[in-house]
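Given next are the chains, with one letter for each unit.
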Amino acid sequence: DALRIWKKRGKGGVYEYLILGSAPYGVETFVRVLQDIDFRKKWDKQYEKLEVIRSEGGTDYIYWDVKYPLWFSNRDYVYARRHRKEVDGSYVFVSRATANEKLPEVKKKVRVLDYFGSVVLRPRESADVTEYVYSFFDDPRGTIPKSIINWAVSTAIPGFMKTLYGACDLLTKEEA
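Residues numbered from 1 in each chain as written. Predicted model: local features only at pLDDT ≥ 70, side-chain atom pairs only at ≥ 80, totals over all residues. Heavy atoms only, no water.

1. Things to note about helix α3 (residues 146-175)
- With 30 residues, α3 should reach 44 Å at 1.5 Å per residue; the first-to-last C-alpha distance of 42 Å fits that figure.
- For α3, the principal kink sits at Ala 152 and spans about 45°.
- The secondary structure elements touched by the buried residues of α3 are β1 (3-9), β2 (15-23), α1 (27-35), α2 (37-43) and β9 (130-138). (Helix = DSSP H or I, 4+ residues; strand = E, 2+ residues; numbered from the N terminus. Expected span 1.5 Å × (residues − 1). Bend = angle between axes of the 7 residues up to and from the residue. Contact = heavy atoms within 4.5 Å.)

Here is the structure:
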């Protein structure tokens with residue numbers, strides 16, 4: 001259940017994050033929690049709207065409207081997500097911002113145009129533990145105070161991981 005988080009200033013001053021950890025859940029549970037958009041709507045309270053726009057050739061195109069604190073505009077994303085299972089039982093997820101002419105930018109929301117994320121999930125020898133590496137960056141477009149960035153690293157990211165673990169618990173109970 002260890003969680004380590006690093007951040008560094010990347011291109012254009014945008015922060016890049018690296019999260020390493022392990023969780024007491026089987027890799028298939030973790031994959032389902034991350035992949036199933038309908039299930040995510042049950043446990044992720046940070047979204048205003050979340051939907052798969054279309055699926056094509058193993059890629060899901062997703063619209064995600066993320067709630068930001070009251071003094072900021074929500075951020076919305078249109079991104080492509082793929083995943084695959086490796087021969088060793090690991091899973092790799094890759095997501096990248098993409099344009100979609102059917103979903104133009106919306107007033108009062110800030111469209112995140114530069115986003116990339118990857119997640120690697122690896123089962124430990126014990127089938128009930130998953131190690132993960134999550135790296136991402138996104139340009140929230142606008143000035144975000146350093147105090148908010150520090151809060152994200154110290155509070156929001158660990159809080160999200162705790163919520164993710166709760167979703168794994170919920171899924172395990174639902175499938176029992």
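2. Section: the nonpolar core
- With 29 residues, the main nonpolar core has Phe 30, Val 33, Leu 121 and Tyr 132 as its most contacted residues.
- Listing elements by their share of this core, those giving two or more residues are β2, α1, α2, β6 (91-97), β8 (115-123), β9 and α3.
- A per-element tally of this core places α3 first, with nine residues.
- In contact with Leu 121, other than residues within four places in its own chain, are Val 27, Phe 30, Val 31, Leu 34, Ser 90, Tyr 91, Phe 93, Thr 130, Glu 131 and Tyr 132.
- Core analysis: the second largest hydrophobic core is formed by eleven residues, Ile 37, Val 66, Tyr 77 and Tyr 79 among them. (Core = buried A, V, L, I, M, F, W, Y, C linked by side-chain atoms within 4.5 Å. Buried < 20%, exposed > 50% of the residue type's maximum accessible area, 1.4 Å probe, protein only.)

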